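If you want the building blocks of each chain, they are given just below.
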Amino acid sequence: QLARAQCLAPDLVIYNSHTGHASHEVLGYNKYPHTIVPNGIDLTEFAPNPGVREQVRRRHDIGDEPWVAMVCRYHPLKGVNVYLAAVRQLLDSGCNARFALAGTGMEQGNAELAALLQRHQLDDDAISLLGEVARPQDFLPGLDLLVQASWREGTPNILLEAMACGVATVATNVGDSARIVRDEARLVPAGDSAAMAVAIEGALADGARAERAAAERAYLQTHYETEVCMQAYRNNYAQLLGAGA
């Protein structure tokens, strides 16, 4: 039985987030060799695209005003209620941005979402429900700011995708979000709608957004680009199997 258990023990555990590694440590996985290879993103698919930006904004009747959206499936852990509370606060303070929810379940037929909107006194003029986005790369370039309000995450791909498209981000400080956003002013505690409203307002007022977007894309190329992550897998497998394998 001991020999069989030793045969079943992994030679290497690969995590796709630092958060995943930490959560598995408590289960005893920390005794195995391990490494972290994050989710990769195709920077040729996800990129700033002025043509797509113009088309998307025209389709949704967005002019020069800032456009802010949360893009995710409808689920309690995604923090939709927190985002809506922040939107309500921003509108009450006179913010001129346009707001949207996009993703599976973000539509008029969702009774739970309708109840949340009613609770926060948000109608169709205050926030648009866009439903499922089949190809994020053909939608994200139209935004000015992407908000992630989750209570829990690993490596949130939507942050990587938005940043790759040149879109500013505000996120709750959960999972590996801090490693991706790398700016305390745009990271807020989970569940804190007031802090989220302040962070959104600050991000929209950032006069160096173009420079920041370029720096973020360069960071993605070094740490999260698909080929970089695939090469990390190749290196790990080569080391396990031997150079001649």
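The rules behind each value
Every chain is numbered independently, its residues counted from 1 as its sequence is written. Owing to the predicted nature of the model, reporting of local features is limited to residues with pLDDT of at least 70; listing and counting of side-chain atom pairs is limited to 80 or more, with chain, interface and lining totals taken over all residues. The basis for every side-chain value is the complete set of heavy atoms in the structure, and neither hydrogens nor water enter the calculation. Strands are runs of DSSP state E lasting at least two residues, helices are runs of H or I lasting at least four, and both sets are numbered from the N terminus onward. Only protein chains enter the accessibility calculation, which uses a 1.4 Å probe; a residue whose area is less than 20% of its type maximum is buried, one above 50% is exposed, and one in between is partly exposed. Should any heavy atoms of two residues lie within 4.5 Å, those residues are considered in contact. Just so you know, the count uses Lys and Arg for positive and Asp and Glu for negative, and it drops His and the chain ends. Positions of charges follow a simple convention, taking NZ of Lys, CZ of Arg, CG of Asp or CD of Glu. Criterion used throughout: strands pair if DSSP finds at least two bridges between them. By convention in these notes, a salt bridge is any Lys or Arg side-chain nitrogen within 4 Å of a carboxyl oxygen on Asp or Glu.

Visitor: Let's hear about the overall build of the chain: which residues, and what values?
Guide: Helix and strand counts for the chain stand at 10 helices and eight strands. If one aligns the C-alpha atoms of the chain with their principal axes, the spans along those axes are about 65 × 35 × 30 Å. Within the span of the chain, comprising 245 residues, buried residues form 44% of the whole. Excluding contacts between residues fewer than 6 apart, the proportion of contacts in the chain whose partners are at least 24 apart in sequence is 66%. In the chain, which carries 20 positive and 29 negative side-chain charges, the distance between the mean positions of the two groups comes to 4 Å.

Visitor: Describe in detail the environment of Gly142, supporting the description with residues and values.
Guide: As for its placement among the helices and strands, Gly142 is situated in the loop between strand 5 (127–131) and strand 6 (145–148). Between the C-alpha atom of Gly142 and that of Arg53, which follows or precedes it by 89 residues, the distance is 3.9 Å. Sequence-distant contacts of Gly142, defined by excluding residues within four places in its chain, comprise Arg53, Val56, Arg57 and Trp67.

Visitor: Tell me about the sheet that holds strand 4 (residues 98–102), and please be specific about residues and values.
Guide: Strand order in this open sheet of six strands is 5-4-3-6-7-8, and the pairing throughout is parallel. The strands lining the two open edges of the sheet, one partner per strand, are strand 5 and strand 8 (187–188).

Visitor: Please set out the pattern of salt bridges residue by residue, giving values where relevant.
Guide: Opposite charge on two side chains permits pairing when their charged atoms draw close. Across all of its chains, the model carries 13 salt bridges by this definition. The partner of Lys78 in a salt bridge is Glu153, with the nearest N and O atoms 3.1 Å apart. One end of the pair, Lys78, is in the loop between strand 3 (67–71) and helix 4 (80–92); the other, Glu153, is in the loop between strand 6 and helix 6 (157–164), with 75 residues separating them in the sequence. Given the relative accessible area of 17%, Lys78 is considered buried. Across the pair Arg186 and Asp183 runs a salt bridge whose closest N-O atoms are separated by 3.1 Å. One exposure class covers both Arg186 and Asp183, and it is buried. Salt bridges sharing partners connect three or more residues here, namely Asp183, Arg186, Asp206, Arg212 and Glu216.

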